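Observations on the three-dimensional arrangement
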Amino acid sequence: MLRSRPSVRLVACLTALVVLLVAGLATAQAQNFGRNKVVYDDFDFERLQTEHFDVYYYPPMEPAAQDAARMAERWYTRLSQVFQHEFTDRTPIILYADDTDFQQTNVIGGFIGEGTGGVTEGGRQRLIMPLTGSYDETDRILGHEMVHVFQYDLWKENPRAFQLGALPLWFIEGTAEYLSQGRTDPHTAMWMRDALRNEDVPTTRQLTREQNRYF
């Protein structure tokens, strides 16, 4: 038995449908590709110089920026003793008043998640972070990011002796948390108790290989 061929009109309709679907997919991809951050405000940055840092801020942040600058110098004193290392260049610190302003930053590329407390840029070693509204939390985050500045500076000074890229993420971030937070922290203790009770305390091998699960 011979099968009837589809009509010319049906073929034309199907072809048009495929063209529309492909065009719609291309349009959706074009809309997502190359998107820039939405910047609502213009930030008129001013510079505050300390012994080791150039602190950038914008009005009316000056009192809080001065406090953050003092925190940064205190962290430098502590961490330079821990790492037995001194900076050879001044380090820029870019401060934002809050998370909303911080997420608009064009100092670094890419989108910044709401849970990101701060970022340290590897190339220029710029420290970018928002103020938190709590001096204790701002001080802790600043100390955490300052550890990363020291790590990058050690690597920059002697990349063969200090191979930062070879170190596992748990060590890099763990060092920053330990030196900024201290050995006693209720939040960390909660996670450890939960892992212990559920027999899910990871080994060093698991921490290194399963970074999507353990952080």
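Residues numbered from 1 in each chain as written. Predicted model: local features only at pLDDT ≥ 70, side-chain atom pairs only at ≥ 80, totals over all residues. Heavy atoms only, no water.

Observations regarding the sheet that holds strand 2 (residues 53-57)
Short version of the rule: DSSP calls a pair of strands paired once it identifies at least 2 bridges connecting them. Helix and strand assignments come from DSSP, with helices taken as H or I runs of at least 4 residues and strands as E runs of at least 2, each series counted from the N terminus. Between two residues, a contact is recorded if the distance between any of their heavy atoms is within 4.5 Å. Working convention: axes come from line fits to C-alpha atoms, limited for helices to the stretch in contact. Angles between N-to-C directions cover 0 to 180 degrees.
Taken together, the five strands give an open sheet; going across it, the order is 1-2-3-5-4, and neighbouring strands pair in mixed fashion. Looking at strand neighbours, the two that pair on one side only are strand 1 (46-49) and strand 4 (119-120), the edges of this open sheet. Alignment of strand 4 against strand 5 (residues 127-130), held across two bridges, turns out to be antiparallel. By the bridge assignment, valine 119 is partnered in strand 5 with isoleucine 128. The strands touched by helix 2 (residues 62-83) within the sheet are strand 1, strand 2 and strand 3 (91-96), with strand 2 carrying the most contacts at an inclination of about 155°. Contacting strand 2, strand 3, strand 4 and strand 5, helix 4 (residues 135-157) crosses the sheet at an angle of about 165° to strand 5.

With respect to the packing of aromatic side chains
Heads up, the condition is: Stacked, tilted and edge-to-face are the three classes assigned to paired rings of Phe, Tyr and Trp, where Trp is represented by its six-membered ring and a pair needs centres within 6.5 Å; plane angles under 30 degrees give stacked, over 60 edge-to-face, the rest tilted.
Per the stated rule, a full pass over the model turns up 14 aromatic pairs. An angle of 85° between the planes, with centres 5.7 Å apart, marks the rings of phenylalanine 45 and tyrosine 96 as edge-to-face. You can see phenylalanine 45 sitting in the loop between helix 1 (8-32) and strand 1 and its partner tyrosine 96 sitting in strand 3, a full 51 residues away along the chain. Where phenylalanine 87 meets phenylalanine 150, the ring centres are 4.5 Å apart and the plane angle is 40°; that geometry is what we call tilted. Here phenylalanine 150 lies in helix 4 and phenylalanine 87 lies in the loop between helix 2 and strand 3, a separation of 63 residues in the sequence.

A short note on the confidence of the model for the protein
Convention followed: The pLDDT value tells you how sure the predictor is about a given residue, anywhere from 0 up to 100.
This prediction gives the protein a mean pLDDT of 81; 80% of its residues lie at or above 70. Note on residues 1-34: pLDDT is under 50 here. Beyond four places in sequence and across chains, it has one contact.

What to know about helix 6 (residues 186-197)
The criterion, for reference: What a helix is expected to span follows from its residue count: subtract one and scale by 1.5 Å.
Helix length check: helix 6, at twelve residues, gives a terminal C-alpha distance of 16 Å against a target of 16 Å (1.5 Å per residue), a fit within 8%. Within two residues after helix 6, glutamate 199 carries a phi angle of roughly 50°, on the positive side.

Focus on helix 2
Just so we agree on the cut-off: Think of it in three bands: residues with accessible area under 20% of the maximum for their type are buried, residues over 50% are exposed, and the middle band is partly exposed, with areas taken using a 1.4 Å probe on protein chains only.
Compared with the 32 Å implied by 1.5 Å per residue over 22 residues, the 31 Å span of helix 2 between its first and last C-alpha is a close match. Every buried residue of helix 2 is listed here: Ala65, Asp67, Ala68, Ala69, Met71, Ala72, Glu73, Trp75, Tyr76, Leu79 and Ser80. Close packing links the buried residues of helix 2 with strand 1, strand 2, strand 3, helix 4 and helix 5 (169-181). Directly after helix 2, the chain includes glutamine 84, whose backbone phi takes a positive value near 55°.

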